[in-house]
Amino acid sequence: MAIMLASLLSVASSVSTTARADEPASLSQFVPLTPKVLLDTRNGTGTTGTAKVPAKGSITFQVAGQGGVPASGVSAVALNLTEIGTTKFGWFTVFPSDQPVTTSTLTYHPGENATGEDFTPLTSTGKVTIVNNSDSEVHAVVGVRGYFQNAADTHDDSEFYPVPAQYLYDTRPSLTAGSPARTTPLDANSSMTIDVAGRNGIPTTEANAVAVNVVATGQTERGWLAVYPSDQPNPKVATVDYVKGESDSSFTVTQLTSSGKLTVTNTGNSAVHVSITLRGYFKGGTTPGTGYKPVPTKIILDTLAAKTEPLAAGASSPLTLQQKRGSIRT
């Protein structure tokens with residue numbers, strides 16, 4: 001399997017909260033939002049009709065001023081992307097409407113609905129473009145989960161605190177983790193609520209969002225999982241789409257409210273085991289966390305272009321990144 005990694009953003013990746021002399025004095029901070037759908041070509045949300053995105057075509061939609069995103073002063077948005085109905089292999093390329101790129105953001109296959117998360121820079125146009133790199137027309141659904149303020153406008157909003165990857169919750173009997181403990185899969189068309197605040201190093205009261213990787217496994221039919229704050233209604237924005245016989249995963253940033261809990265809803269006709277891995281959390285306050293700075297999308301690893309051997313099954317490859325003045329370089 002060949003591998004391509006694209007750099008979409010720059011994060012000051014050290015866990016230490018001590019500022020480096022070569023870092024920018026001010027980086028963007030995160031504002032979590034209740035998930036809202038910005039674009040749905042199935043029902044015309046965010047567009048003028050209900051047509052699919054044509055093969056090799058594109059669609060541009062408004063982000064600034066929509067779904068809780070301010071009309072100005074935003075450097076990037078946390079988007080949830082879903083592809084529906086393809087009959088051919090393909091991928092979405094997602095970018096600010098005036099800064100086209102060619103790198104893949106979400107890959108999809110026939111017979112599957114694909115879901116992924118992206119931190120997409122936002123320019124003065126306030127719009128985002130999706131290109132359908134496929135020989136099949138497809139539906140596109142985009143939700144927003146939060147935004148990053150421009151560095152110059154940043155005040156007391158949230159900064160990111162990375163943690164070593166660890167299980168926050170897992171229903172598989174051999175890997176049971178989290179509270180309340182569970183060793184059975186989540187039933188079809190049902191929900192469960194899990195404790196988040198105060199666990200795995202997450203503050204009890206100050207965290208307002210968590211960065212997690214969500215895995216669906218053991219299912220026998222197609223369906224999707226939605227993850228959202230327990231005191232809010234189901235936004236009906238997919239976090240993970242799953243298919244029979246696969247383990248499917250997706251990264252997401254999910255708002256955390258005063259309840260300190262998250263709800264996981266399984267929309268599908270099969271029970272499914274759920275595994276949630278914590279990658280970090282966001283919180284406000286005076287203690288310095290990790291800043292954020294969007295950078296132009298760049299490929300940082302491509303084994304095809306480099307004409308190297310594909311990564312063998314079970315193998316690993318080192319990837320060295322150096323952070324300097326808000327940009328990531330190899």
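So, here is what we can say about the structure in this document. (Residues numbered from 1 in each chain as written. Predicted model: local features only at pLDDT ≥ 70, side-chain atom pairs only at ≥ 80, totals over all residues. Heavy atoms only, no water.)

1. Digging into the overall build of the chain
No. 1: Of the regular secondary structure elements, the chain holds 0 helices and 20 strands.
No. 2: Out of the 330 residues in the chain, the part that is buried amounts to 48%.
No. 3: For the chain, the exposed surface amounts to about 15000 Å²; the carbon and sulfur share of it is 51%. (Helix = DSSP H or I, 4+ residues; strand = E, 2+ residues; numbered from the N terminus. Buried < 20%, exposed > 50% of the residue type's maximum accessible area, 1.4 Å probe, protein only. Areas by Shrake-Rupley, 256 points an atom, 1.4 Å probe, with all protein chains shown as cover.)

2. Considering the packing of aromatic side chains
No. 1: The full count for this structure, using the stated rule, is 7 aromatic pairs.
No. 2: Aromatic side chains Phe 30 and Phe 148 sit 4.9 Å apart centroid to centroid with 50° between the ring planes, which places their arrangement in the tilted category. On the criterion of sequence distance, the pair formed by Phe 30 in strand β2 (residues 30–40) and Phe 148 in strand β9 (residues 139–149) is long-range, its members being 118 residues apart.
No. 3: We classify Phe 30 as buried; its relative accessible area is 0%.
No. 4: The exposure class assigned to Phe 148 is buried, which follows from its relative accessible area of 2%.
No. 5: When the centroid spacing of 6.1 Å and the interplanar angle of 50° are considered together, the rings of Phe 89 and Trp 91 count as tilted.
No. 6: Since its relative accessible area comes to 30%, Trp 91 is described here as partly exposed.
No. 7: An aromatic cluster is defined as three or more aromatic residues linked by ring pairs; in this entry it consists of Phe 30, Phe 119, Phe 148, Phe 160 and Phe 282. (Phe/Tyr/Trp six-rings, centres within 6.5 Å; stacked < 30°, edge-to-face > 60°.)

3. Here we look at the nonpolar core
No. 1: Within the largest apolar cluster, 27 residues are counted, with the highest numbers of intra-cluster contacts made by Phe 61, Val 63, Val 77, Leu 79, Phe 92 and Ile 130.
No. 2: Broken down by secondary-structure element, the contributors of at least two residues to this core are β2, β3 (58–62), β4 (74–84), β5 (90–96), β6 (106–108), β8 (127–134) and β9.
No. 3: Ignoring anything within four residues of it in the chain, the contact list for Val 63 reads Leu 38, Val 69, Val 77, Leu 122, Gly 126, Lys 127 and Val 128.
No. 4: If you look at the next biggest cluster of nonpolar residues, it comprises 26 residues, including Tyr 161, Leu 186, Leu 256 and Tyr 281. (Core = buried A, V, L, I, M, F, W, Y, C linked by side-chain atoms within 4.5 Å. Contact = heavy atoms within 4.5 Å.)

4. Some thoughts on the sheet that holds strand β14 (residues 240–242)
No. 1: Pairing within the open sheet is antiparallel, and its 4 strands lie in the order β11-β16-β13-β14. Every other strand in the sheet has two partners, leaving β11 (190–195) and β14 as the edge strands with one partner each. Going from strand to strand, the sheet's axes swing by 20° on average, the running direction of each strand aside. (Pairing = 2+ DSSP bridges. Axes fitted to C-alpha atoms, helices over the stretch in contact; angles between N-to-C directions.)

5. Side note on the sheet that holds strand β10 (residues 159–170)
No. 1: With respect to topology, 4 strands assemble into an open sheet ordered β10-β17-β12-β15, the strand pairing being antiparallel. Pairing within the sheet leaves two strands with one partner each, and these edge strands are β10 and β15 (248–255). Going across the sheet, the axis of each strand differs from the next one's by a mean of 20°, ignoring polarity.
No. 2: Here strand β12 (residues 207–217) runs beside strand β17 (residues 273–283); their pairing, made up of 10 bridges, is antiparallel. Across the sheet, residue Ala 207 finds its bridge partner in β17, namely Lys 283.

6. Some points on the pattern of salt bridges
No. 1: Per the stated rule, a full pass over the model turns up 6 salt bridges.
No. 2: Taking the shortest distance from any N to any O, the salt bridge between Lys 261 and Asp 195 comes out at 2.4 Å. Placement of the pair is Lys 261 in strand β16 (residues 261–268) and Asp 195 in strand β11, with a sequence separation of 66 residues.
No. 3: In this structure, the salt-bridge partner of Glu 206 is Lys 283, at a minimum N-O distance of 3.7 Å. Pair noted here: Glu 206 is in the loop between β11 and β12 and Lys 283 is in strand β17, with a separation of 77 residues, a long-range link.
No. 4: The class of Glu 206 is partly exposed, set by a relative accessible area of 46%.
No. 5: Looking at Lys 283, the relative accessible area reads 9%, which means it is buried. (Salt bridge = Lys/Arg side-chain N within 4 Å of Asp/Glu carboxyl O.)

7. Remarks on the pairing of β8
No. 1: A large share of β8 lies buried, amounting to 7 of its 8 residues.
No. 2: Two elements, β3 and β8, share 5 bridges in a ladder whose sense is antiparallel. Within β8, the residue paired with Gln 62 across the bridge is Lys 127.
No. 3: Summarising the sheet, β5 and β8 pair through 7 bridges and their orientation is antiparallel. Counted as the bridge partner of Trp 91 is Asn 133 from β8.

These results come straight from atomic positions and should not be treated as a statement about function.
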